[in-house]
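Tertiary structure, described
Spelled out, the chains give:
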Amino acid sequence: MYCRNCGENIGLKHECSNCHTLAGDGNQYCPHCGSKVSAWASKCPHCNTSFIAEEVLEARELNGHSKLGMALLAFFLGGWGIHCFVMGEPKKGMLRIILTLACGIGSIVALIDMVLIIIGRYEYNPEGYLW
Ligand SMILES: [Zn+2]
Ligand SMILES: [Zn+2]
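1. What about the domain arrangement of the chain?
- Domain boundaries in the chain define domain 1 (1-51) and domain 2 (52-131).
- The interface of domain 1 with domain 2 comprises 4 residues on the first partner and 8 residues on the second.
- Of the roughly 550 Å² buried where domain 1 meets domain 2, counting both sides, 56% is carbon and sulfur surface.
- Among the residues domain 1 hides against domain 2, the three largest losses belong to Trp40, Ser42 and Phe51. Together they make up 83% of the total.
- Joining domain 1 to domain 2, the criterion identifies 0 salt bridges.
- One can count 0 residue pairs in polar contact (both at pLDDT 80 or more) joining domain 1 with domain 2.

Put into structure tokens, the structure is as follows:
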């Protein structure tokens, strides 16, 4: 496998000899094919290897927050981006406030958030603005 931190081929070693990162740690490279991947990707766009176990993925989806709690927040206070701020996505939160103040569609975006949260398609992404 490849080092997820620097992309070095580390074979079956448990630590990268190049950067001393433990095997599996890091988020820059695919462990299967060594391709550079985006830090928040949950699987490799080149070889389709999933980087994280399903249950970890599920927890990471809402940055560890409960589905029900986030869906309720999105429903009641979504126009003010509260669910985004709670999950640690300030950029998304700001955009929803701007949309609410500028044209009143922040709560529509938040309703879409709520649906995505409920069906498990919401993706925690602190760098994202819309989704
Ligand atoms: Zn390394
Ligand atoms: Zn790959």
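2. A short note on the coordination of the zinc ion (ligand 2)
- Ligation of the zinc ion (ligand 2) by protein atoms is provided by Cys30 (SG), Cys33 (SG), Cys44 (SG) and Cys47 (SG), these donors lying 2.2 to 2.3 Å from the ion.
- Considering all 4 donor atoms around the zinc ion (ligand 2), angles at the metal cover 103 to 116° and the coordination shape is tetrahedral.
- In this structure Cys30 comes out as buried when scored by relative accessible area, which is 0%.
- Here Cys33 falls in the partly exposed class, since its relative accessible area comes to 28%.

3. Some points on helix α4 (residues 90-103)
- The terminal C-alpha atoms of α4 lie 20 Å apart, and with 14 residues this matches the ideal 20 Å at 1.5 Å per residue to within 8%.
- Those residues of α4 not exposed but buried are Lys92, Gly93, Arg96, Leu99 and Thr100. Buried residues of α4 fall within an arc of 125° about the axis and therefore sit on the same side. Residues of α4 that are exposed and angled more than 90 degrees away from the buried face: Leu101 and Ala102.
- Looking at the packing, one finds that the buried side of α4 touches α3 (82-87) and α5 (106-118).

Cut-offs used in this document
Residues numbered from 1 in each chain as written. Chains lettered and ligands numbered in written order. Predicted model: local features only at pLDDT ≥ 70, side-chain atom pairs only at ≥ 80, totals over all residues. Heavy atoms only, no water. Domains from an automatic or database assignment. Contact = heavy atoms within 4.5 Å. Buried area = accessible area lost by both parts, 1.4 Å probe. Salt bridge = Lys/Arg side-chain N within 4 Å of Asp/Glu carboxyl O. Polar contact = N/O pair within 3.5 Å; in protein donor to acceptor, adjacent residues only side chain to side chain. Donors = N, O, S within 2.8 Å, 3.2 Å for Na, K, Ca; no water. Tetrahedral: all angles 85-135°; square planar, octahedral: opposite > 155°, others 65-115°. Buried < 20%, exposed > 50% of the residue type's maximum accessible area, 1.4 Å probe, protein only. Helix = DSSP H or I, 4+ residues; strand = E, 2+ residues; numbered from the N terminus. Expected span 1.5 Å × (residues − 1). Arc of directions from axis to C-beta.

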